[in-house]
Amino acid sequence: MTENSRLTTPFNARTTAAEILDGVDLTGRRMIVTGGASGIGVETVRALAGAGADVTVATRNPRAADRLVEEFASDATPGTVRSAALDLADLASVDDFVAAWQGPLDVLVANAGIMAIPTLQLTAVGWELQLATNHLGHFALARGLHDNLRAATAARVVVVSSGAHLAAPFDFDDPHFERRPYDPWSAYGQSKTADVLLAVGITRQWAADGITANALNPGYIFTNLQRHIDDETMRAVGAMDEAGNLIEADYYKTPAQGASTTVLLAGSPLLDGVGGRYFDDNQEAEVVAGGPDATGGVAAYALDPAAADRLWAYAEKTLAAR
């Protein structure tokens, strides 16, 4: 990929999710949005269903999506919304969700995630919880739905990553912090690097089946994703004052703006046939070296085809051994 081949769009960081799909008809398109009952997931679902799509909100608590379901229950609304139970950290739950899905799937949006859990937490099978939820659960879900994606015409997978991937390559030697000291931000960043590599891997593995995938950074948005971050850390990064009030810098986005790049990758015709790339502020990002001093773009190691293939093999082996 060269600088001259980067995909550009007429949108920007302040474009809302609904504006991305202005004039786009998604009627008849079947989509899944994980974590679609909160944060930017809500605005993702609202924009896709507003353009006519049939959207399933996959979430640990399906009742949390009741408001969205009701919002699109009227015949006057263009699309439909339903909800289903899915816990990405529990592979039995992933298996149940996959078994219940019938028919083609046009778009899978891997949106759900957790961030910066302060202490090391492991799943029942011994996986670090952020990697399990943000990456391995989504890998298992996508792989389980492969035939459904293949049955659709030009299916897409959209993976919500983060700029935090710039500081943490995937550690193939110790992904679950069995030997190295646990650090919440290293764990989060690693899981988000894995998410970019997942988009590269899906495109490499499944493009012949008509399936492409792209990853994205939604930007800075106040949502419940920050629920595990203590006040001291929030103050250190300039997101909270001494009185405990949240501070929104100029570069912060509303949830509707934060969902826009997801919606671009999920529903815009501008992304027809495009795969294996990373987007930020509705533009394909510049490839950079990455590291602690990186402030934007996508790390070259997150788009590395060899790393994507290695991670794919690791994830398959890890799932098989559960």
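How each quantity is defined
- Residues numbered from 1 in each chain as written.
- Predicted model: local features only at pLDDT ≥ 70, side-chain atom pairs only at ≥ 80, totals over all residues.
- Heavy atoms only, no water.
- Core = buried A, V, L, I, M, F, W, Y, C linked by side-chain atoms within 4.5 Å.
- Buried < 20%, exposed > 50% of the residue type's maximum accessible area, 1.4 Å probe, protein only.
- Helix = DSSP H or I, 4+ residues; strand = E, 2+ residues; numbered from the N terminus.
- Contact = heavy atoms within 4.5 Å.
- Bend = angle between axes of the 7 residues up to and from the residue.
- Polar contact = N/O pair within 3.5 Å; in protein donor to acceptor, adjacent residues only side chain to side chain.
- Pairing = 2+ DSSP bridges.
- Axes fitted to C-alpha atoms, helices over the stretch in contact; angles between N-to-C directions.
- Parallel < 35°, antiparallel > 145°, perpendicular 65-115°, else oblique.
- Left-handed = near helix turned anticlockwise from the far one by under 90°.
- Nonpolar A, V, L, I, M, F, W, Y, C, P; charged D, E, K, R; others polar.

A. Here's a closer look at the nonpolar core. Of all hydrophobic cores here, the largest spans 52 residues; its most connected members are Ile32, Phe97, Leu141, Leu145, Val157 and Ile202. Contributing elements (two or more residues each) for this core: α4 (91-100), β4 (107-110), α5 (129-144), β5 (155-160), α7 (184-206), β6 (211-217) and α11 (305-320). Tallying contributions element by element places α7 first for this core, with 8 residues. Those residues in contact with Phe97 that lie beyond four places of it in its chain are Ile32, Thr56, Ala58, Ala84, Ala85, Leu86, Leu141 and Leu145. Core analysis: the second largest hydrophobic core is formed by 38 residues, Leu7, Leu48, Ile221 and Ala266 among them.

B. Structural context of unusual backbone geometry. Residues other than glycine seldom take positive phi values, yet Phe177 does so here, at roughly 60 degrees. If you trace the backbone, Phe177 turns up in the loop between β5 and α7. With a relative accessible area of 5%, Phe177 lands in the buried category. Positive phi, normally seen in glycine, also occurs at Asp281, with a value near 55 degrees.

C. Looking closely at α5. The principal kink in α5, of about 35 degrees, is found at Leu136. In terms of residue burial, α5 counts as a mostly covered element, since 14 of its 16 residues are buried. N-capping of α5 is provided by Glu128, with a side-chain oxygen placed 2.9 Å from the backbone N of Gln130.

D. Region of the structure containing the environment of Ala99. Assignment of secondary structure puts Ala99 in helix α4. Residues Ala99 and Gly144, 45 residues apart in the sequence, show an inter-C-alpha distance of 8.4 Å.

E. Here's a closer look at the sheet that holds β5. One open sheet holds the 8 strands; their spatial order is β3-β2-β1-β4-β5-β6-β7-β8, and the pairing between them is mixed. Each edge of the open sheet carries a strand with a single partner, namely β3 (80-85) and β8 (283-284). In the packing of α4 onto the sheet, the strands contacted are β1 (30-34), β2 (54-59) and β3, and the crossing angle to β3 comes to about 140 degrees.

F. The packing of α4 against α5, seen in detail. Interhelical geometry of α4 versus α5 gives an angle of 25 degrees and a closest axis separation of 10 Å. By the angle between their directions, the pair α4 and α5 is classed as roughly parallel. You can see that α4 and α5 cross each other, and the crossing is right-handed. On α5, the residues that touch Leu91, Val94, Phe97 and Val98 of α4 are Gly137, Ala140, Leu141 and Gly144. The class makeup of the residues in the contact of α4 with α5 is 6 nonpolar, 2 polar and no charged.

G. The pairing of β4, seen in detail. A two-sided burial pattern is seen for β4, the buried positions comprising Val107 and Val109 on one face and Leu108 and Ala110 on the other. Where β1 meets β4, 3 bridges bridge the pair, whose relative direction is parallel. Bridging from a neighbouring strand, Ile32 pairs with Leu108 of β4. Strand direction decides the pairing type here: β4 and β5, joined by 4 bridges, are parallel. Along β5, the bridge assignment pairs Ala110 with Val159.

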